[in-house]
Amino acid sequence: MSPASTGASTVVGAVSVAVDPVPVPAVPDGRMEPGGPGYRRMSFALFLAGVATFALLYSTQALLPLVSGEFGVTASAASWTVAAATGGLALFVLPMSALSERFGRRAVMTGSLAVAVGVGLVVPFAPSLPVLVALRAVQGAALAGLPASATAYLAEEVRPRALVTAIGLFVAGNSVGGMSGRVITGWVAQEWGWRVAVGVIGVVAVGCAVAFRLLLPSPRHFVAGSLRPGVLVRTVREHLGNPLLRRLYAIGALFMTVFGGVYTVIGYRLTEAPFSLPQGVVGSIFLVYLVGTVSASGAGRLVGRLGRRGALYLAGGTTAAGLLLSLTDSLGAVLAGLVLITAGFFAGHAVASSAVSKTASRGRAQAAALYQSAYYIGSSAGSTAGAMAFHAGGWGGTVTVGLTAVAGVVAITVAGSRAAARA
């Protein structure tokens, strides 16, 4: 039995590392599972971390028309308040994952949340758009310690058969955070402006961060790794050399390109003719994120019935149907389209991210970090490309960007099916 499984000390290089026992009763092999001791606490803690992450990361997205109005800039310029945050996360997620391999998942997640919520309380006082964009980039870089560390923590502490469900719950927290952040900011901004709205999100994130730290069980199966650059480079090279992981990284990026583009631009579309909705109502549109909560948490059952590739085909088809439906000038049809886009995206993301954690046998934090990096690069690309396409060709341009990305998901999944058949 390995030292990690007994709670004893282990040696990594020349460093002796003590593995702390989990402070709650454990199942026989020490890993948590639904219904078992500690699982509910762990799930709720990571759910709250997901809420805080997405609420902070996308806190300005529903407010972009107001940001454009205050600073006198176009939609594509204002979209950088979103792209800078997701880009900062994409750039720093790999270095942060290396820190999590050395100092522990829980420590890195806690530190990341602390810095991100601190910056979140400063963001409302940004005097200009360049300062706002810079603060958002710092906030995104701080949040980089959450996604990869969380999925690595789950891969180590949860039984393999429950991993897709556990990661689905974390992704569901992302959807709730994204939804609540946009709904809250929409109504608050309508009364008091976008600065107060962003400040409220910062305060909510403080509460989530404190509860997360108090609830998350200490890791039982973590074994510290090395911070030596050569070790990190070899691990990254190994992951990028795996064809399955490369396909999963591309799928995550393409799904997020769709999602980032649609939700960056939808506020502009709904506040303009023929809809001309007020800011509070536009913010409430993001209640459709609740659909993502359901589809993400049900991803495990979906994979059980259809297999991973079947689930990805269904997620891509659902997303494409939503994009096409949103082209009409009927508000009901646009809302139905957003429901389908959201359901397809969150299901596809949960399936792909959990497959990364199951595929990587070692260096899970780096494997997850590479996925998250690709994922948030897709978000930045989607936000920028979607806004530019909207400026050039209206909503139809944004939908074209989304459909192109979905076609990429399908093509990559087909390639994976053929590779599996050959093998």
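To be clear, the structure that these remarks concern was listed above.
Cut-offs used in this document
- Residues numbered from 1 in each chain as written.
- Predicted model: local features only at pLDDT ≥ 70, side-chain atom pairs only at ≥ 80, totals over all residues.
- Heavy atoms only, no water.
- Axes fitted to C-alpha atoms, helices over the stretch in contact; angles between N-to-C directions.
- Helix = DSSP H or I, 4+ residues; strand = E, 2+ residues; numbered from the N terminus.
- Parallel < 35°, antiparallel > 145°, perpendicular 65-115°, else oblique.
- Left-handed = near helix turned anticlockwise from the far one by under 90°.
- Contact = heavy atoms within 4.5 Å.
- Nonpolar A, V, L, I, M, F, W, Y, C, P; charged D, E, K, R; others polar.
- Core = buried A, V, L, I, M, F, W, Y, C linked by side-chain atoms within 4.5 Å.
- Buried < 20%, exposed > 50% of the residue type's maximum accessible area, 1.4 Å probe, protein only.
- Polar contact = N/O pair within 3.5 Å; in protein donor to acceptor, adjacent residues only side chain to side chain.
- Expected span 1.5 Å × (residues − 1).
- Arc of directions from axis to C-beta.

A. Representation of the packing of helix H6 (residues 105–120) against helix H7 (residues 129–143). The geometry of H6 relative to H7 is characterised by a closest axis approach of 8 Å and an angle of 165 degrees between their N-to-C directions. Relative to H7, H6 is oriented roughly antiparallel. As for the relative orientation of H6 and H7, their crossing is left-handed in sense. The residues of H7 that touch H6, namely those facing Ser112, Leu113, Val115, Ala116, Val119 and Gly120, are Leu135, Val138, Gln139, Ala142 and Leu143. In terms of residue class, the contact of H6 with H7 is built from 8 nonpolar, 3 polar and no charged.

B. Here's a closer look at the nonpolar core. Within the largest apolar cluster, 127 residues are counted, with the highest numbers of intra-cluster contacts made by Met42, Leu46, Leu154, Tyr263 and Tyr376. No other element matches helix H12 (residues 243–271), which puts 15 residues into this core. If sequence neighbours within four positions are ignored, methionine 42 has contacts with Met32, Tyr153, Leu154, Val158, Leu216 and Pro217.

C. Representation of the packing of helix H15 (residues 299–325) against helix H16 (residues 331–359) within the structure. Axis separation between H15 and H16 bottoms out at 7 Å; the angle between their running directions is 145 degrees. For H15 against H16, the interelement crossing comes out left-handed. Note on element contacts: H16 touches H15 through Ala333, Ala336, Gly337, Leu340, Ile341, Gly344, Phe345, Ala347, Gly348, Ala350, Val351 and Ala355, opposite Ala299, Val303, Arg308, Ala311, Leu312, Ala315, Thr318, Thr319, Ala321, Gly322, Leu323 and Leu325. By residue class, the composition of the contact of H15 with H16 is 17 nonpolar, 6 polar and 1 charged.

D. Highlighting the side chain of threonine 60. Among the structural elements, threonine 60 can be located in the loop between helix H2 (39–57) and helix H3 (64–71). Given the relative accessible area of 0%, threonine 60 is considered buried. A polar side-chain atom of threonine 60 sits 3.0 Å from a polar atom in the side chain of threonine 81. When sequence neighbours within four positions are dropped, the list of residues in contact with threonine 60 reads Thr81, Val82, Arg136 and Val198.

E. View of H6. Taking 1.5 Å of rise per residue, 16 residues should cover 22 Å, and H6 covers 22 Å from first to last C-alpha, within 8% of that figure. Turning to H6, its buried residues number three or more, namely Arg105, Arg106, Val108, Met109, Ser112, Leu113, Ala116, Val117, Val119 and Gly120. Projected onto a plane normal to the axis of H6, the buried residues spread over an arc of 165 degrees and lie on a single side. Next to the buried residues of H6 lie H2, helix H5 (80–103), H7, helix H8 (147–157), helix H10 (194–215) and helix H17 (364–393).

This is a description of form; function is not addressed.
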